[in-house]
Amino acid sequence: MTLIAILIGTIAAGVGSVWLAALLGFAMLARFTQHMLSLAAGALMATAFMHLLPEAFESEAGAHDLFAWLLVGLVFFFLLDKAELWHHGHEHHHDEGGHGHVHAHAHHGHDHHAPRSGGWTVLAGDSVHAFGDGILIASAFVADMRLGVITALAVLAHEVPHHMGDLVVLRHTSGTSRAALLKVSLAGTVTALGGLAGYFLLTQLQDYLPYFLVVASSSFVYVALADLIPQLQKRLGLGATVAQIAWLLAGIALVTVVSGLAH
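A. Here's a closer look at the packing of aromatic side chains. Following the criterion strictly, the structure yields four aromatic pairs and no others. Ring centres of Phe57 and Phe67 lie 5.1 Å apart, and the angle between their planes is 50°; this geometry places the pair in the tilted category. Taken as a pair, Phe57 in helix H3 (residues 33-57) and Phe67 in helix H4 (residues 63-97) lie far apart in primary sequence, 10 residues in all. Ring centres of Phe76 and Phe77 lie 5.1 Å apart, and the angle between their planes is 70°; this geometry places the pair in the edge-to-face category. According to the relative accessible area criterion, Phe77 is buried, its value standing at 1%.

B. Layout of the nonpolar core. Counting residues in each nonpolar core, the largest one holds 40 residues, and the members touching the most others are Leu44, Leu167 and Leu228. Elements with a minimum of two residues in this core: helix H2 (16-29), H3, H4, helix H5 (119-143), helix H6 (145-174), helix H7 (177-188) and helix H10 (209-232). Those residues in contact with Leu228 that sit more than four places away from it in its chain are Leu37, Ala40, Ala41, Leu44, Val169 and Val223. Of all hydrophobic cores here, the second largest spans eight residues; its members include Ala5, Ile6, Ile137 and Ala138.

C. Structural context of empty space enclosed by the protein. Following the criterion strictly, the structure yields one cavity of 30 Å³ or more and no others. Of the voids in this model, the largest cavity is the one considered here, and its volume is about 80 Å³. What lines the largest cavity is a set of 13 residues, among which Ala130, Asp133, Glu159, His163 and Thr191 lie closest to the centre. Mapped by element, the contributors of at least two residues to the lining of the largest cavity are helix H1 (2-14), H5, H6 and H7. In terms of residue class, the lining of the largest cavity is built from four nonpolar, six polar and three charged.

D. The arrangement of the side chain of Ser217 in detail. Among the structural elements, Ser217 can be located in helix H10. Exposure remark for Ser217: the relative accessible area of 0% places this residue in the buried category. Among the polar contacts made by the side chain of Ser217, one reaches the main-chain carbonyl oxygen of Val214 at a distance of 2.6 Å. Discounting chain neighbours no more than four positions away, the residues touching Ser217 are Ala48, Leu52, Leu53 and Leu70.

E. Quick look at a nonpolar patch on the surface. The grouping of Leu71, Val75, Phe78 and Leu79 at the surface amounts to a nonpolar patch, some 370 Å² of accessible area in total. Checked against the element boundaries, Phe78 lands in helix H4. Using a relative accessible area of 38% as the deciding quantity, one classes Phe78 as partly exposed.

F. Quick peek at H1. In a regular helix each residue adds 1.5 Å, so 13 residues correspond to 18 Å; H1 covers 18 Å between its end C-alpha atoms and thus fits that length. For H1, the set of buried residues is Ala5, Ile6, Gly9, Thr10, Ala13 and Gly14. The buried residues of H1 all sit within an arc of 140° when viewed along its axis, so they share a single face. The exposed residues of H1 that point more than 90 degrees off its buried face are Ile4 and Ile8.

G. Up close: the side chain of Thr191. For Thr191, the position within the fold is in helix H8 (residues 190-200). Exposure remark for Thr191: the relative accessible area of 3% places this residue in the buried category. In terms of polar contacts, Thr191 uses its side chain to reach the backbone carbonyl oxygen of Gly188, at 2.8 Å. Residues contacting Thr191, with those up to four places away along its chain left out, are Thr10, Gly14, Ala130, Asp133, Gly134 and Ile137.

H. Representation of the packing of H7 against H8. One way to put it is that H7 packs onto H8 with a least axis distance of 4 Å and a crossing angle of 5°. In terms of their interaxial angle, H7 and H8 are classed as roughly parallel. Of the residues in H8, those touching H7 at Leu186, Ala187 and Gly188 are Val190, Thr191 and Ala192.

Cut-offs used in this document
- Residues numbered from 1 in each chain as written.
- Predicted model: local features only at pLDDT ≥ 70, side-chain atom pairs only at ≥ 80, totals over all residues.
- Heavy atoms only, no water.
- Phe/Tyr/Trp six-rings, centres within 6.5 Å; stacked < 30°, edge-to-face > 60°.
- Helix = DSSP H or I, 4+ residues; strand = E, 2+ residues; numbered from the N terminus.
- Buried < 20%, exposed > 50% of the residue type's maximum accessible area, 1.4 Å probe, protein only.
- Core = buried A, V, L, I, M, F, W, Y, C linked by side-chain atoms within 4.5 Å.
- Contact = heavy atoms within 4.5 Å.
- 1 Å grid on protein atoms, 1.4 Å probe; cavity = no way out; pocket = protein on both sides within 12 Å on 5 of 7 lines; lining within 4 Å.
- Points joined across faces, edges and corners; volume = space filled by probe spheres on them.
- Nonpolar A, V, L, I, M, F, W, Y, C, P; charged D, E, K, R; others polar.
- Polar contact = N/O pair within 3.5 Å; in protein donor to acceptor, adjacent residues only side chain to side chain.
- Patch = residues over 30% accessible without salt bridge, like charges linked within 9 Å, V, L, I, M, F, W, Y side chains within 5 Å.
- Areas by Shrake-Rupley, 256 points an atom, 1.4 Å probe, with all protein chains shown as cover.
- Salt bridge = Lys/Arg side-chain N within 4 Å of Asp/Glu carboxyl O.
- Expected span 1.5 Å × (residues − 1).
- Arc of directions from axis to C-beta.
- Axes fitted to C-alpha atoms, helices over the stretch in contact; angles between N-to-C directions.
- Parallel < 35°, antiparallel > 145°, perpendicular 65-115°, else oblique.

Here is the structure:
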């Protein structure tokens, strides 16, 4: 019975939060694309700095080890981003090579028709984060059924704002809302895998939970600072600049408020 409850709770939290984010996010994305990039950057940074990292540092893990894993995570996602850029450039080279007009600038990231980077980094970070959420939900259900339900609902609630940011990034890199929703939903199903692992290996995995949180946070920080923020660094008028900053702050505020209510 407990295992079934864990599976239901983790799927509801992991996938349900993605679909709820899609209902809210895509409706706004159609009208406010640039503003949603600002919102996404704010939401991802707030999730990392105001939720994941504080929770990791509240554990018994040493600060030195956690910062080391944060550094490793940032370097890893930098390399993953490089691999993604190389892959897109390689594909673009072959696609255009067949028509006899390869453009050299395509290999330097200036092709405006090629997908932007950051997609795989977001998905990798989401998957690690989702696995950690699954362990949390499983541990709550094992302790008390009612506590497990409350924890699953809390995870669902506080995942919605940052999934809105994820969907904006994936929509930008994948080209379609459907592809973005499918990819983030698949990452959300990893919550159930974390729940299963947590149920069978709870004692061993609990010790590693802070490191899952730190690695997940490194992906969100990297995407926000390396991919989203540079897209927002344009010469704009005063009104557009104020709007950009306002939406960035709105993303931070949204995660802060929802996480506070969830706790």
